[in-house]
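Spelled out, the chains give:
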Amino acid sequence: MSSREAVIVEAVRTPIGKRNGALKDIHPVDLSALVLRELIQRTGVDPGLVDDVMWGCVTQLGDQSSNVARFATLAAGWPESVPAVTVNRACGSGQQAIESAAHAVMAGAYDIAVAGGVEMMSRVPLGAARAAGFPYGQTVLDRYGVDQLDQGIGAEMVAQKWGLSRQRLDEFASRSHQLAADAIDRGAFDSQLVPVHAGDSHLTVDEGLRRGTSPATLAKLKPSFREDGVIHAGNASQISDGASAVMITTPEKAAELGLTPIVRLLAGSVAGADPVMMLTAPIPATRKVLARTGLQIGDIGAIEINEAFAPVPLAWQLELGADLDRVNPLGGAIAVGHPLGATGGILTTRLIHHMREQGIKYGLQTICEGGGTANATIYELIE
């Protein structure tokens, strides 16, 4: 049996809403349905041909419980025959959904798959799942000799290990806002955005951007996790709302449907690392995916590494030796937010549109995840 390729033919996202902002009154099922309908409108594909919908969502409680993916397809008006599944690999859930869908296409199990994700953190708050129980179990805590696993403390540990000062972190955070502002002002996101107009909710651009952010303004903020710490609200990702969706198929099926592929999924990897420091697994995940492709970091023309906390991309960059100018060239989650389950699809959407517009051959995406895992994916532009 000949090997099959997986290609992305379209990728869309909502603008990212800030916590309790413009999107707060929209149900996550309805926000998901918005990007699903847009995907069909842009491609002209009969939704009944979709073999499966794989949807990232991290906090699967309340409005996001009971397989939000299935109800999203129904809300989008798709045929009842289209199945759907909700995926949780913490902050990498959307990216894992895309990789799993691509794997199914490559294996011949699916011909057309849709993947992406949603998170409405205004409606289902960060930490709600942990508040409802004891997710780690005492055995895991005893193994590592700690009384909790905390991402904020992990970020402090990363900053300390790689010698990243508060000044350096705040400079990177300010860069994120500046690059995001530049991207918004030149219309870099316009072609990928699905404007949201629902009831009193209206949003056409990423909402979290704080223009004029500088190391001087960030210096006024108090540390969030340690009194003498370097991590604060201004150099960490924003709590946000959003949704994203991509369509994945084979080159042959795309041609049959009259669609033009944007990128092929060249390779993907997942890796684990120290769950106490928690945020360093993008480093081994990137090394693994580079090894699978035979590429060097210098071959990668654009990189999206989720800005969960400023030390994450900076430590990664120091370890991999990447050109910082190629890292998050459109800003990142520090500037515009991190709607957990949607972020994987948002980063893919941003990355592949940027690759197409700039003629960049290889793009890399990686996300650190709660529990100390990470996904890394390399996309190749289809000329």
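How each quantity is defined
- Residues numbered from 1 in each chain as written.
- Predicted model: local features only at pLDDT ≥ 70, side-chain atom pairs only at ≥ 80, totals over all residues.
- Heavy atoms only, no water.
- Helix = DSSP H or I, 4+ residues; strand = E, 2+ residues; numbered from the N terminus.
- Rg over C-alpha atoms; globule rule 2.2 N^0.38 Å.
- Buried < 20%, exposed > 50% of the residue type's maximum accessible area, 1.4 Å probe, protein only.
- Contact = heavy atoms within 4.5 Å.
- Areas by Shrake-Rupley, 256 points an atom, 1.4 Å probe, with all protein chains shown as cover.
- Lys, Arg positive; Asp, Glu negative; His and termini not counted.
- Charge placed at Lys NZ, Arg CZ, Asp CG, Glu CD.
- 1 Å grid on protein atoms, 1.4 Å probe; cavity = no way out; pocket = protein on both sides within 12 Å on 5 of 7 lines; lining within 4 Å.
- Points joined across faces, edges and corners; volume = space filled by probe spheres on them.
- Nonpolar A, V, L, I, M, F, W, Y, C, P; charged D, E, K, R; others polar.
- Axes fitted to C-alpha atoms, helices over the stretch in contact; angles between N-to-C directions.
- Parallel < 35°, antiparallel > 145°, perpendicular 65-115°, else oblique.
- Left-handed = near helix turned anticlockwise from the far one by under 90°.
- Polar contact = N/O pair within 3.5 Å; in protein donor to acceptor, adjacent residues only side chain to side chain.
- Pairing = 2+ DSSP bridges.
- Salt bridge = Lys/Arg side-chain N within 4 Å of Asp/Glu carboxyl O.

Peer 1: Would you explain the overall build of the protein in this entry?
Peer 2: Helix and strand counts for the protein stand at 13 helices and 12 strands. For the protein, whose C-alpha radius of gyration is 19 Å, the value lies close to the compact-globule estimate of 21 Å for 383 residues. By principal-axis analysis of the C-alpha atoms, the protein measures approximately 60 × 50 × 45 Å. Taking all 383 residues of the protein together, 59% fall into the buried category. A sequence separation of at least 24 residues applies to 82% of the contacts in the protein between residues at least 6 apart. Split by element, the accessible area of the protein, about 14,600 Å² in all, is 49% carbon and sulfur. Charged side chains of the protein number 31 positive and 41 negative; the gap between the two group centres comes to 3 Å.

Peer 1: Could you clarify how one ought to interpret empty space enclosed by the protein in this entry?
Peer 2: It is a probe the size of a water molecule, rolled over the atoms, that shows where empty space is left. Counting across every chain of the model gives two cavities of 30 Å³ or more. Taken as a whole, the largest cavity holds about 80 Å³ of empty space. Taken together, 15 residues make up the lining of the largest cavity; nearest its centre are Asn306, Gly332, Ala333, Gly337 and Leu347. When residues of the lining of the largest cavity are assigned to their parent elements, the largest contribution, four residues, is made by helix 13 (residues 340-358). A per-class count over the lining of the largest cavity returns seven nonpolar, five polar and three charged.

Peer 1: What is the right way to read the packing of helix 1 (residues 28-43) against helix 2 (residues 68-75) from this model?
Peer 2: Two quantities define a packed helix pair, namely the angle between the axes and the distance from one axis to the other. Packing of helix 1 against helix 2 leaves a shortest axis separation of 8 Å and a crossing angle of 60°. Viewed along their axes, helix 1 and helix 2 adopt a mutual orientation that is oblique. Helix 1 and helix 2 meet at a crossing whose hand is right-handed. Every residue of helix 2 that contacts helix 1 at Pro28, Val29, Asp30, Ser32, Ala33, Leu36 and Arg37 is listed here: Val68, Phe71, Ala72, Thr73 and Ala75. A class-by-class count of the residues in the contact of helix 1 with helix 2 yields eight nonpolar, two polar and two charged.

Peer 1: Mind showing me how you'd approach the side chain of Ser269 here?
Peer 2: Within the secondary structure, Ser269 sits in strand 9 (residues 263-272). Engagement of the side chain of Ser269 in a polar contact is seen with the backbone oxygen of Ala285, the distance being 2.7 Å. Contacts of Ser269, omitting those with residues within four sequence positions, involve Glu99, Ala285, Lys288, Val289, Arg292, Ala374, Asn375 and Ala376.

Peer 1: In this structure, what is going on with helix 6 (residues 151-161)? I would like to understand it.
Peer 2: For an α-helix, 3.6 residues make a turn, and residues three or four places apart therefore share a direction. All of the buried residues along helix 6 are Gly152, Gly154, Ala155, Glu156, Val158 and Ala159. Tucked into the core, helix 6 has its buried residues touching helix 7 (166-185) and helix 11 (311-320). The N-terminus of helix 6 is capped by Asp150, whose side-chain oxygen sits 2.8 Å from the backbone nitrogen of Gly152. Phi for Gly163, located one or two positions after helix 6, is positive at around 65°.

Peer 1: What is the right way to read the pairing of strand 12 (residues 373-381) from this model?
Peer 2: The side chains of a regular strand alternate between both faces of the sheet. Of all nine residues in strand 12, eight are buried; the element is thus mostly enclosed. Looking at chain direction, strand 9 and strand 12 are connected through nine bridges and run antiparallel. Bridge pairing links Gly268 to Thr377 in strand 12. Both strand 11 (residues 362-369) and strand 12 contribute to a ladder of eight bridges, which runs antiparallel. Across the sheet, the residue bridging to Cys368 is Ala374, located in strand 12. The loop that links strand 11 with its antiparallel partner strand 12 comprises three residues; one of these, Gly371, has a positive phi angle of about 90°.

Peer 1: Hey, could you run me through the side chain of Glu99 in this one?
Peer 2: Here Glu99 lies in helix 3 (residues 93-107). This buried residue, Glu99, is left without a salt bridge; Arg292 holds the nearest opposite charge, at 6.8 Å.

Peer 1: Looking at this structure, how should I read unusual backbone geometry?
Peer 2: One can expect most non-glycine residues to show negative phi and most peptide bonds to be in trans. In this structure, Asn20 takes a positive phi of about 60° despite not being glycine. Positive phi values are uncommon outside glycine, yet Ser66 reaches one of about 60°.

Peer 1: Where do I start with the layout of surface pockets in this structure?
Peer 2: Space inside the largest pocket adds up to approximately 1,100 Å³. Contributing to the lining of the largest pocket are 37 residues, with Leu126, Gly127, Arg130, Gln151 and Leu340 lying nearest its centre. Where the lining of the largest pocket is concerned, the elements lending two or more residues are helix 4 (128-131) and helix 6. Residues that form the lining of the largest pocket fall into these classes: 19 nonpolar, 13 polar and five charged.

Peer 1: Sorry if this is basic, but what is going on with the pairing of strand 1 (residues 7-13) here?
Peer 2: With seven of seven residues buried, strand 1 lies mostly within the body of the structure. Sheet topology places strand 1 next to strand 9; two bridges connect them, and they run antiparallel. Directly across from Ile8, in strand 9, lies its bridge partner Val263. Taken together, the six bridges between strand 1 and strand 8 (residues 240-249) define a ladder with antiparallel strand orientation. Bridge pairing in strand 8 places Ile8 opposite Ile248.

Peer 1: Looking at this structure, I do not really get helix 11. What am I missing?
Peer 2: For helix 11, a buried count of eight out of 10 residues is recorded, marking the element as mostly surrounded by other parts of the structure. Every buried residue belonging to helix 11 is among Pro311, Val312, Pro313, Leu314, Ala315, Trp316, Gln317 and Leu320, and all of these are buried. On its buried face, helix 11 sits against helix 6, helix 7, helix 10 (282-293), strand 10 (302-305) and strand 11. Downstream of helix 11 by a residue or two, Gly321 has a phi angle that is positive, lying close to 75°.

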